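Breakdown of the fold
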Amino acid sequence: MAQYDLLIVGAGLYGGVFAHALHQQGLRCLVIDKRGHIGGNTYCDRKEGIDVHAYGAHIFHTNDQGIWDFVNSFVPFNRFTNSPLAVHKGKYYNLPFNMNTFYQLWGLSDPQQVKEKIQQQIQQAGITQPRNLEEQAISLVGKDVYEVLIKGYTEKQWGRPCHELPSFIIRRLPVRFTFDNNYFDDRYQGIPEGGYNKLTEGLLAGSVIELNKDYLQNRDYFNGLAKHVLYTGPIDAFYNYQLGTLAYRSLRFEEELLPIDNYQGVAVVNYTEREVPFTRILEHKHFAFGRQPVTIITREYPLSWEKGLEPYYPVNDEVNNALYNKYKALAEQEKNIEFGGRLADYKYYDMHQVIAAAQVHARKFLQKNYQR
Ligand code: FAD
Ligand code: UDP
């Protein structure tokens, strides 16, 4: 007799939302993670009274009232609004691309003149239908912004020339002809007060959690513990890379404690030059308006992924999406194994999207297996 209704592999947001939905129905979940903590990439490490975003800046944003109410039912969110800066050759620019940025670059404050300037640059580049990230970026903001703020940053982040990258990556960012430095268009935005761990602790309350357990090292044993399995790790690793290896980007985080109270005056500064080896510097206290006498910063260095490194970003180009679809077809044949999350779905999901996907999936799972 299996001890649990569901074994959840991965204590990140996808696993947490699933565990919460099942626990509410009186079902028993065992949640395992190969890391020594819960929360997946949202995990925060409290040091000197500062919640350090251990796997890079995590800013929650959503347009969905239901998702916002859901996360706020576990922990109140603060009023943080992401307004990062970009530095290029010592000069600072506002992000996302908006009238402040265009003024800083061209000295133009009239939105009509800015639109005309961008239009001229699109025509000069001869782009009619953007076919890749480079053409998409130029079509949105013109060649100058592309060269100063996008090209270097994107090529080091993804390790490929912009003309070999899919255009959807750059469409994540808003372009505005107003003086508005809010990085997101969404109605709701903030950081959990006391850090993201409060959110995942709430989601996982009522489930049994075992850390430092790698499912793939002992899958027969773990499968024997539960009637069903939800796997949220990389899908190609689940199938032992038998059809080929999916491409990911990895990161290296370099953290520093400084004996000063304010290093850069903002939570995120992007370094857009190709020659600077890191992409961003985070100053964690600013996510929570911290007043500690010291500060902690993290430099984020992009890395090519290889087995053994953390796969942070899926590279959703045509080749990799086609390979993912083959793995997906295998996954659909599985009887008692469910797949989901940023790694198993191989999708560049933000947190609100992971929560929405996990809620829908959990509902279907309950209907199918428990008629609820
Ligand atoms: P994960 O958080 O990756 O959790 C999966 C878990 O599975 C991990 O803990 C892993 O250890 C575990 N696991 C994997 N394989 C095994 C195994 N074999 N056995 C046991 N455990 C295993 N989203 C936003 O909305 N806003 C942001 O500002 C934002 N910034 C981001 C910045 C960075 C640098 C990154 C990488 C992501 C960012 N995201 C952001 C995205 C966000 O992190 C994800 O949407 C979300 O955390 C994904 O949740 P998940 O549960 O699918 O995956
Ligand atoms: N980007 C850029 N310059 C910047 C910030 C972002 O060119 O200063 C591009 C880059 O290609 C990046 C993409 O926009 O991968 C998406 O940026 P976002 O901040 O959403 O990335 P994430 O936080 O997911 O790493």
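An account of the accompanying structure is given in this report. (Residues numbered from 1 in each chain as written. Chains lettered and ligands numbered in written order. Predicted model: local features only at pLDDT ≥ 70, side-chain atom pairs only at ≥ 80, totals over all residues. Heavy atoms only, no water.)

We now examine the site of ligand 2. Lining the immediate environment of ligand 2, one finds 17 residues, of which Leu149, Thr154, Tyr183, Tyr313 and Tyr348 sit closest. At 2.6 Å, a side-chain N or O of Tyr183 approaches an oxygen atom of ligand 2. Asn270 places a side-chain nitrogen or oxygen 2.9 Å from an oxygen atom of ligand 2. Taking 520 Å² as the accessible area of ligand 2 by itself, protein coverage stands at 93%. The leading source of residues in the shell around ligand 2 is helix H5 (residues 133-158), at six residues. Here the residues of the shell around ligand 2 sort into 11 nonpolar, four polar and two charged. (Near = heavy atom within 4 Å. Polar contact = N/O pair within 3.5 Å; in protein donor to acceptor, adjacent residues only side chain to side chain. Areas by Shrake-Rupley, 256 points an atom, 1.4 Å probe, with all protein chains shown as cover. Helix = DSSP H or I, 4+ residues; strand = E, 2+ residues; numbered from the N terminus. Nonpolar A, V, L, I, M, F, W, Y, C, P; charged D, E, K, R; others polar.)

Every other side chain in a regular strand lies on the same face of the sheet, so the side chains alternate between the two faces. Here strand E6 (residues 85-88) pairs with strand E7 (residues 91-94) via four bridges, running antiparallel. Bridged to Leu85 within E7 is Asn94. Hairpin connection between E6 and E7: a loop of two residues separates the two successive antiparallel strands, and Lys89 in this loop has a positive phi of roughly 45°. Where E6 meets strand E12 (residues 268-271), three bridges bridge the pair, whose relative direction is parallel. Bridge pairing in E12 places Ala86 opposite Asn270. (Pairing = 2+ DSSP bridges.)

On to the site of ligand 1. Among the 32 residues in the neighbourhood of ligand 1, the closest are listed as Asp33, His58, Ile59, Tyr349 and Met351. Asp33 places a side-chain nitrogen or oxygen 2.6 Å from an oxygen atom of ligand 1. In the model, an oxygen atom of ligand 1 is placed 2.8 Å from a nitrogen or oxygen of the Tyr349 main chain. Protein burial of ligand 1: of its 1000 Å² of free accessible surface, 96% is covered by the chains. A breakdown of the residues in the shell around ligand 1 according to their chemical character gives 16 nonpolar, nine polar and seven charged.

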